Amino acid sequence: MKKIVIEPVTRVEGHGKVTIQLDDNNKVTQSRLHIVEFRGFERFILGRPYWEVPVLVQRLCGICPVSHHLAAAKAMDVIVGADKLTPTAEKMRRLMHYGQMLQSHALHFFHLCSPDLLFGFDADPAIRNVIGVIEKHPDLAVQGVMLRKYGQELIKATAGKKIHGTGAIPGGINKNLSIEERDNFLKDIEQILEWSRGALKIAKDYTIDNLDKIASFGSFDSNHLGIVRKDGAMDFYDGGVRAIDKDGNKIFDHLDNQKYHHYIAEEVKSWSYMKFPFIREIGHENGWYRVGPLARVNVCDYIDTPEAEAARKEFMAVTDNKPNNITMAYHWARMIEMLHSVEVIKSLLNDDDLQGNDLVVSGERRNEGVGIIEAPRGTLFHHYQVNDNDQITMANLIVSTTSNNEPMNQAVKKVAEERISGKPEITEPLMNEVEVAIRAYDPCLSCATHALGKMPLKFELLDNDGHIIQTESRN
Amino acid sequence: MSNILLIGYGNPGRLDDGLGPALAELFNNGNYPNLTVESNYQLTVEDAIEISKHDTVIFADADVSCSKPFYFKKIEPAEEIKFSSHSITPENLIGLTLKLFNRKPEAYILGIRGYDFNSYSEALSEQAEANLFKAANFLKYCIKKNTV
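I will try to describe carefully the structure that is included in this document. These numbers come from a predicted model, not from an experiment.

What counts as what
Residues numbered from 1 in each chain as written. Chains lettered and ligands numbered in written order. Predicted model: local features only at pLDDT ≥ 70, side-chain atom pairs only at ≥ 80, totals over all residues. Heavy atoms only, no water. Helix = DSSP H or I, 4+ residues; strand = E, 2+ residues; numbered from the N terminus. Contact = heavy atoms within 4.5 Å. 1 Å grid on protein atoms, 1.4 Å probe; cavity = no way out; pocket = protein on both sides within 12 Å on 5 of 7 lines; lining within 4 Å. Points joined across faces, edges and corners; volume = space filled by probe spheres on them. Nonpolar A, V, L, I, M, F, W, Y, C, P; charged D, E, K, R; others polar. Domains from an automatic or database assignment. Pairing = 2+ DSSP bridges. Axes fitted to C-alpha atoms, helices over the stretch in contact; angles between N-to-C directions. Left-handed = near helix turned anticlockwise from the far one by under 90°.

Digging into the side chain of T207 of chain A
Right, on to step 1. Among the secondary structure elements, T207 of chain A is positioned in helix α7 (residues 179-209).
Right, on to step 2. For T207 of chain A, the residues in contact, after removing those within four places along its chain, are I214 and W332 of chain A.

Listed below in structure tokens is the structure:
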């Protein structure tokens, strides 16, 4: 028996390792994506007053604090009985959230996955990196940072500041958008749209041009889950949870968000600190599901902005309007979402409600609240219970990468079986192929485990007795 | 007089990891006309845009193992650039700035010794706070004397 260890996976967020076990004939017998850090955040906030939570949860993750901020704020809306926010509050939160989606998707596409797409998985690693992108496609590399900057500035303008933003509060928002701020964003919006269209074209052309190669790469049939608006439209900020099977049949749709735990359960496995969520009525064996851009484009009935909707139709046509189960299609779906986000941002910036002064509402106080939002990497659940002294007594979070835990394991298994099985020497391009499949999900492993850390990258091939017989290292 | 960018970064919710933002806060008072102050949880690729507009950039960060109270060192752009959206080192960031915008400002790290990073709380340890003020005094002197 031999074992390959990939630790950590590079150009993904956070830290994990992959082990691939081979038998004496070098056939893959087991493959796993391990998460090796501890959870602890949910315990930390116990006893804290509920109104602090939307600020505190931003400490979970330095890169998508907005998603946690808004999911927690939505849960606290339920606690304070704010069942319908004012138009200004809801639109300010949406502007913050779609700005977050823009900056997150831009970074992933332009700087983390584009080397694989532009140069090929198996290109020389000396050029298959961000420097290679800068040198061969300098305009693209600059566009990536400019798009990201635009999204970050939207977050700053709506959340108040970059660190521990306080924009969303239980029942609403604490500021509106000034005319000056709005005009500052509007002057650049056409350029941002143009760059987003260009990125979408690259992702689409790559997928279509390489369909023969990537259709089966790390791919498998699965369920998909995401929130959609009441009328079935894509909506990142609010809606009901919808799950579909591999053929597009609805498993459930718009069940009560406050009872998410009645239809989603989490399984613990001894070899990972990250849980494995699944749909209760199907069971843990087959009830796992994908979240994120691919799932969202699959579960929605349409997109309510014209250019993204046209792109969605092209995307769905590739699989004859059935759910797209191609793992590498995540990239194309992500760029459809980025364009949609910019279209929504433009629409919001032209909405006078953003300059309104009616910012907060409240109603009948409750002791439990659930907030669900579509974070850049997928559906994010925040669930809290509060006592009569306003202190948090229970917190449970299901973050996007946790939902994608089993799918990422499936992707690793698929690539290992098809690309590594039978090859005793593990070359860099082969190692990269495993990582390419994981990177498609844009996983955020440190967020998923609520911890920070760093490990060197190491691949090890072990023999039957656990002795290292081959080592590869990137760092 | 060079125009200077000060970036203090770290997570204030992780005790002494907040030293960088705390230093930035001390200088975010408009007293230094040639100084622009930024703070964030971590360095990110788009910081390259702001860096490219300055003659000098100072990265202020907590350091878990340096000699107390702080160190100050000049850095050069990394030749092989690596990053994720969670982290990019100052050397990689100025290397990225050079590659993207063909600009190479003078760059320094101001590393302030911290001690406690292992739980969630928004407070600096007593020793870290003392180191912070010493680092701030040093930086004030450098800016006033135009030595950076």
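That covers the picture; the talk isn't over yet.
Looking at the layout of surface pockets
All names here are of chain A.
Right, on to step 1. In this structure, the second largest pocket occupies an estimated 1000 Å³ of space.
Right, on to step 2. If you trace the second largest pocket, you find 37 residues lining it, with E90, R94, Y237, D238 and G239 closest to the centre.
Right, on to step 3. At the level of secondary structure, the elements contributing two or more residues to the lining of the second largest pocket comprise α3 (65-79), α4 (87-119), α12 (329-349) and β12 (368-375).
Right, on to step 4. Among the residues forming the lining of the second largest pocket, the class breakdown is 12 nonpolar, nine polar and 16 charged.
Right, on to step 5. Of the residues that make up the lining of the second largest pocket, three or more belong to each of domain 2 (85-219 + 326-360) and domain 3 (220-325).

A closer look at the sheet that holds strand β13 (residues 378-386) of chain A
Residue and element names in this part refer to chain A.
Right, on to step 1. Strand order in this open sheet of three strands is β12-β13-β14, and the pairing throughout is antiparallel. On the outer flanks of this sheet lie β12 and β14 (392-398), each paired with one strand and no other. Each strand of the sheet is rotated relative to its neighbour by a mean of 15°, with strand direction disregarded.
Right, on to step 2. Pairing of β12 with β13, which is carried by eight bridges, proceeds in the antiparallel orientation. Along β13, the bridge assignment pairs G371 with H382.
Right, on to step 3. The sheet contacts of α3 involve β12, β13 and β14, and relative to β12 the element is tilted by about 150°.

Structural notes on the packing of α4 of chain A against helix α15 (residues 428-439) of chain A
All names here are of chain A.
Right, on to step 1. Interhelical geometry of α4 versus α15 gives an angle of 145° and a closest axis separation of 10 Å. As α4 runs across α15, the sense of the crossing is left-handed. In contact with H108, L112 and D116 of α4, α15 contributes N432, V436 and R439.
Right, on to step 2. Partitioned by chemical class, the residues of the contact of α4 with α15 number two nonpolar, two polar and two charged.

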